[in-house]
Each structure stands twice: as structure tokens, then as C-alpha cells.
Amino acid sequence: EDFTIGLSPVDTLVSYDELHVSWDSVKERVPAAVDAYASPNKDIILVITSSYIEIYAIKNSEIDDKPLRKIKLSNEETVVMAEWATGEYVARWEKSISQLNPFVVNDY
């Protein structure tokens, strides 16, 4: 349900990631793409399809020909957000995640 809250959040609370490559380039490489998330370091892009999360390297502002990895999505799974960690936040995320039962990604 949507409703008006009457105030705007500060930039540190709400932001969006910059794709660093054109959506046309994403669709050219992966015609089934429905969304994409680029790393803040501009070296990796996650391309979302209805069946996979495909991980590509970005070199010279171009998406590599072949994915580094593909993660199969089941019919019940979907991506709801992406969060990138850099600098000191990497260690914080690693500590938090290691306390959980992490999902291990296998090569497909």
C-alpha cells in the first residue's frame, strides 16, 4: 500500500546505484535481462533474468562476453535489492554474514 509521509529522506538513507554501462548494452549481452546492478568500483555487473543472476566483469566500460558465474533462481525466488560494501564495510558484512548460515554459490 502506498501513502504520503510528508517528508523527504536524506541522501545517506536513500540512494540508487549507477549502472556505468547503458541498459542497451545490458540487453544486447543478455536479451532476457529484467534488471541489473553495477558495483561501485565499476568492475562487476549483476544481470537479473527470470531464471538466473548472471555475473559479468566490466572492462573498459564494456560487459565481458561470458559471465563469470550464473546463479540459478528457483520459481519462488526473485531479487528484491542489492547492497554493495566497500572499505571498512566489507569486514562488517563478512562478520554479520558469517554468523548466519551463508548460501554457498556453486558454479553452473
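Residues numbered from 1 in each chain as written. Predicted model: local features only at pLDDT ≥ 70, side-chain atom pairs only at ≥ 80, totals over all residues. Heavy atoms only, no water.

1. Re the overall build of the chain
For the record, the criterion: For the purposes of this entry, the term helix denotes a DSSP run of H or I that reaches at least four residues, the term strand denotes a run of E that reaches at least two, and both are numbered from the N terminus. Throughout, a residue-residue contact means that at least one pair of heavy atoms, one from each residue, lies within 4.5 Å. The Shrake-Rupley method, run with a 1.4 Å probe sphere, supplies the accessible areas, and residue values consider only the shown protein chains as cover.
For the chain, the count of helices and strands is two helices and five strands. For the chain, the succession of helices and strands along the chain, N to C, is α-β-β-β-β-β-α. By sequence separation, contacts in the chain at least 24 residues apart represent 29% of the contacts at least 6 residues apart. Per element, the accessible surface of the chain, about 8,800 Å² overall, is 50% carbon and sulfur.

2. Quick notes on the packing of aromatic side chains
The condition that has to hold: In summary, the pairing rule links any two rings of Phe, Tyr or Trp, Trp by its six-membered ring, whose centres are within 6.5 Å, and it sorts them by plane angle into stacked for under 30 degrees, edge-to-face for over 60 and tilted for everything else. Only when the NZ of Lys or the CZ of Arg is both within 6 Å of the ring centre and within 35 degrees of the ring normal is a charge said to sit over the ring.
Evaluated as defined, the whole model comprises zero aromatic pairs. One Lys or Arg, Lys70, reaches over the ring of Tyr52 and ends 4.4 Å from the middle of that ring. The ring of Tyr52 carries Lys72 above its face, with NZ or CZ at 5.2 Å from the centroid.

3. Some remarks on the nonpolar core
Applicable threshold: As used in this record, nonpolar core signifies buried Ala, Val, Leu, Ile, Met, Phe, Trp, Tyr and Cys residues forming a set joined through side-chain atoms within 4.5 Å. Buried residues are those whose accessible area, probed at 1.4 Å on protein chains only, stays under 20% of the maximum for their type, while exposed residues exceed 50% and partly exposed ones sit between those limits.
Counting 10 residues, the largest nonpolar core consists of Val21, Val26, Val30, Ala33, Ala36, Ile45, Val47, Tyr56, Ile58 and Ile63. Elements that contribute at least two residues to this core include exactly β2 (44-48) and β3 (52-59). Leave out the neighbours within four places in its chain, and Val21 touches Val26, Ile45, Ile58, Ser61 and Ile63. By size, the runner-up hydrophobic cluster in this structure holds seven residues, among which are Tyr37, Ile55, Ile71 and Leu73.

4. Points about the pattern of salt bridges
Basically, it comes down to this: Here, a salt bridge means any side-chain nitrogen of Lys or Arg that lies within 4 Å of a carboxyl oxygen of Asp or Glu.
Inspection of every chain in the model, using the stated rule, returns three salt bridges. Of the charged contacts, one joins Arg29 and Asp65 as a salt bridge, the two residues approaching to 3.4 Å between their closest N and O atoms. Within this pair, whereas Arg29 is found in helix α1 (residues 23-29), its partner Asp65 is found in the loop between β4 (62-63) and β5 (69-72), the two being separated by 36 residues in sequence. By relative accessible area, Arg29 is classed as partly exposed at 29%.

5. Quick word on the pairing of β2
Rules: Here the rule is simple: two strands pair whenever DSSP picks up at least two bridges between them.
The buried fraction of β2 amounts to four of the five residues, a majority that puts the element mostly inside the structure. Bridge count for strand β1 (residues 35-38) against β2 is four bridges, and the pairing is antiparallel. The residue bridging Asp35 from the neighbouring strand is Ile48, located in β2. Two successive antiparallel strands, β1 and β2, enclose a turn made up of five residues, where Lys42 displays a positive phi of approximately 60°. Bridge analysis of β2 against β3 gives five bridges, and the strand direction is antiparallel. Across the sheet, the residue bridging to Ile44 is Ala57, located in β3.

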